Amino acid sequence: RTTANALDGIAAARNDIFLAIDELGQAEADNVPRVVYDLSSGAGKERLNQKAALVNKKQWRLIYLSTGEISAREAMELARDKVRAGQLVRLVDIDIEDAIIVNPHGQSDIDFVDDLRKKCATYFGSAGPVFVEKLIEIASTAEGRNGLEDGYQWCMEALSPEFCDAEQSRVVKRFALVLLAGICAVQYGIIPLEEEEVIEAVQTICSRSVSYTHLA
């Protein structure tokens, strides 16, 4: 139920990082398509100040995620508007109804969730700055930049389905960035996982989202 002005400010404040939106489906139905386009556009609306002069519009570049009991497609359909392919690739549906917790690492699902919540609260904000510092160090050399580019291409190939249309390719590109970041975080010693775990997780989520991209 956030206003357009507030949404611009929230998105700009999270420029180049991650934006979590709680229950997009709770927004008024007519606002959902607009929210999707506004967040994905990377720029706020041009506005005038009290002196009728243009105010510099806010800009951002981010990945955003929303949870909900209904899909983005269903939320947009409630607006009684035709769902367009461009909307579906801007806010990608990921069906996780039967796979919320795949591997609780020897714990019960409840204990795993509680432990994860506590660790997120304790260590939130610690890994990001270290990751960025290491990434800048790697990207400061031609060899490092070439390695990142090659890694991204590998991620694209690892995630792309056999028959990939234009809309699906746009979705895969975003997940390829996530996969590359995850692999780099493992290699930099930032997260205590194996590369295979990261690859399997992103492949699973990507395959679920790509299958929902088509307009039915």
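Use the structure listed above.
Just so it is clear, the model here is predicted, and its values are computed rather than measured. (Residues numbered from 1 in each chain as written. Predicted model: local features only at pLDDT ≥ 70, side-chain atom pairs only at ≥ 80, totals over all residues. Heavy atoms only, no water.)

Peer 1: What's the story with the overall build of the protein chain in this structure? I'm lost.
Peer 2: For the protein chain, the helix and strand inventory stands at nine helices and four strands. Taken from N to C terminus, the helices and strands of the protein chain fall in the order α-β-α-β-β-β-α-α-α-α-α-α-α. Element-wise, carbon and sulfur atoms account for 54% of the exposed surface of the protein chain, whose accessible area totals about 14,400 Å². (Helix = DSSP H or I, 4+ residues; strand = E, 2+ residues; numbered from the N terminus. Areas by Shrake-Rupley, 256 points an atom, 1.4 Å probe, with all protein chains shown as cover.)

Peer 1: Just to check I follow, could you spell out the nonpolar core for this structure?
Peer 2: If you look at soluble globular proteins, the nonpolar side chains tend to sit buried side by side. In this structure, Leu159 and Leu179 are the most contacted members of the largest nonpolar core, which totals 23 residues. For this core, the secondary structure elements donating two or more residues are helix H7 (142-159), helix H8 (166-187) and helix H9 (195-210). In terms of residue count, the dominant contributor to this core is H8 (10 residues). Leaving out residues up to four positions away in the same chain, Leu179 has contacts with Trp154, Cys155, Leu159, Val198, Ile199 and Val202. Formed by 16 residues, the second largest nonpolar core is a distinct cluster that contains Leu7, Tyr64, Ala75 and Val83. (Core = buried A, V, L, I, M, F, W, Y, C linked by side-chain atoms within 4.5 Å. Buried < 20%, exposed > 50% of the residue type's maximum accessible area, 1.4 Å probe, protein only. Contact = heavy atoms within 4.5 Å.)

Peer 1: I'm lost on the side chain of Ser209 in this one. Help?
Peer 2: When you line up the elements, Ser209 lands in helix H9. Looking at Ser209, the relative accessible area reads 0%, which means it is buried. Of note is the side chain of Ser209, whose polar atom sits 2.8 Å from the backbone oxygen of Cys206. (Polar contact = N/O pair within 3.5 Å; in protein donor to acceptor, adjacent residues only side chain to side chain.)

Peer 1: Honestly, the pattern of salt bridges in this entry has me stumped. Any pointers?
Peer 2: Two side chains of opposite charge can pair, provided their charged atoms sit close to one another. For the structure shown, the criterion picks out four salt bridges. Arg117 is the salt-bridge partner of Asp114, the closest N and O atoms lying 3.0 Å from each other. Of this pair, Asp114 and Arg117 both sit in helix H5 (residues 109-123), separated by three residues, roughly a single helical turn. Since its relative accessible area comes to 54%, Arg117 is described here as exposed. As a salt-bridge pair, Lys119 and Asp115 come within 3.3 Å of each other at their nearest N and O atoms. Separated by four residues within a single helix, Lys119 and Asp115 lie in helix H5, roughly one turn from each other. (Salt bridge = Lys/Arg side-chain N within 4 Å of Asp/Glu carboxyl O.)

Peer 1: How should I be thinking about a nonpolar patch on the surface in this particular structure?
Peer 2: A surface patch of nonpolar side chains, about 440 Å² in accessible area, is lined by Ile17, Phe18, Ile63, Leu65 and Val178. With respect to the helices and strands, Ile17 occurs in the loop between helix H1 (4-13) and strand E1 (18-21). (Patch = residues over 30% accessible without salt bridge, like charges linked within 9 Å, V, L, I, M, F, W, Y side chains within 5 Å.)

Peer 1: When you look at the packing of aromatic side chains in this model, what are you seeing that I'm missing?
Peer 2: By convention here, two paired aromatic rings are described through the distance between centres and the angle between planes. Counted under the stated rule, the structure contains one aromatic pair. Ring centres 5.8 Å apart and planes at 40° place the aromatic pair Phe131 and Tyr188 in the tilted group. With Phe131 in helix H6 (residues 127-139) and Tyr188 in the loop between H8 and H9, this residue pair connects regions lying 57 residues apart in the sequence. The pair formed by Phe131 and Tyr188 is uniform in burial state, with each residue classed as buried. One Lys or Arg, Lys134, reaches over the ring of Tyr188 and ends 6.0 Å from the middle of that ring. (Phe/Tyr/Trp six-rings, centres within 6.5 Å; stacked < 30°, edge-to-face > 60°. Lys NZ or Arg CZ within 6 Å of the ring centre and 35° of its normal.)

Peer 1: Honestly, unusual backbone geometry in this entry has me stumped. Any pointers?
Peer 2: Note: most peptide bonds trans; most residues except glycine with negative phi. Backbone geometry at Asp16 places phi at a positive 70°, although glycine is not the residue there. By secondary structure assignment, the location of Asp16 is in the loop between H1 and E1. Accessibility expressed as a relative area gives 47% for Asp16, which makes it partly exposed. Even without glycine at this site, His105 takes up a positive phi of about 55°. Secondary-structure assignment places His105 in the loop between helix H4 (85-90) and H5. Among the residues examined, His105 registers a relative accessible area of 49% and is labelled partly exposed.

Interpretation in functional terms is not warranted from these geometric data alone.
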